[in-house]
Amino acid sequence: MKTKEALEMLCKAFVGFSFHPQFIKELGYLLQNDLKGKEARFFKCLTTQLSYIRNLGVAVNNADGHEIIHGFDGHYYSIHIQQKQFNVRFLVHIDNCGNSVFLCAFNERAGHRQTGYENYTDILQERFKEMRGDDNNE
């Protein structure tokens, strides 16, 4: 898939969502490396999962094995974008109004001890604070 096509598809798919700048970098890295040659399949899965987030909001954990990330306020979710060729996770904060902030993107590999979302929980909270402007490191 050509870069221009991929960027156009991403722009359309992500309308109405918010993103931490690092999420965009992480997704770009995945597209250039782990998902290279698999973009069409990935975008098809991505579109489906984004529609679940839009339509279900905080109940998104009821679709496709998405998870509420435990140990937080109940508004952090792990979104699976998975097929045989890839297993990408997005870590997202969804508030009660359905507003979604995409915070982390990574490829979870088999035997995910080192690539599971548990390794991102500190980063997750820090990025959300930055997005809200709660950074107290003045």
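In case you missed it, the structure is sitting above this.
Let me sum up the structure you'll find in this document. (Residues numbered from 1 in each chain as written. Predicted model: local features only at pLDDT ≥ 70, side-chain atom pairs only at ≥ 80, totals over all residues. Heavy atoms only, no water.)

**Remarks on the pairing of strand E4 (residues 86-94)**
- By the criterion of burial, E4 is predominantly enclosed, with nine of the nine residues buried.
- Along E4, one buried face is formed by Phe 86, Val 88, Phe 90, Val 92 and Ile 94 and the opposite face, lined by Asn 87, Arg 89, Leu 91 and His 93, is buried too.
- Where strand E3 (residues 76-83) folds back on E4, the antiparallel hairpin that results is connected by two residues.
- Alignment of E4 against strand E5 (residues 100-107), held across seven bridges, turns out to be antiparallel. Within E5, the residue paired with Leu 91 across the bridge is Cys 104.
- In this antiparallel pair of consecutive strands, E4 and E5, the connection spans five residues, and Gly 98 shows a positive phi of 90°. (Buried < 20%, exposed > 50% of the residue type's maximum accessible area, 1.4 Å probe, protein only. Helix = DSSP H or I, 4+ residues; strand = E, 2+ residues; numbered from the N terminus. Pairing = 2+ DSSP bridges.)

**Focus: the pattern of salt bridges**
- Evaluation of the coordinates by the stated rule reveals three salt bridges.
- One salt bridge in this structure joins Arg 127 and Glu 26, with 2.8 Å as the shortest N-O distance. Pair noted here: Arg 127 is in helix H4 (residues 121-132) and Glu 26 is in helix H2 (residues 21-32), with a separation of 101 residues, a long-range link. The exposure classification of Arg 127 matches that of Glu 26, with both residues buried.
- Arg 89 serves as the salt-bridge partner of Glu 67, at 3.4 Å between the closest nitrogen and oxygen. In this pair, Glu 67 is assigned in strand E2 (residues 67-68) and Arg 89 in strand E4, connecting sequence segments 22 residues apart.
- On the basis of relative accessibility, which here comes to 25%, the residue Glu 67 falls in the partly exposed class.
- Each of Glu 67, Arg 89 and Glu 108 takes part in salt bridges that share partners, so that together they form one network. (Salt bridge = Lys/Arg side-chain N within 4 Å of Asp/Glu carboxyl O.)

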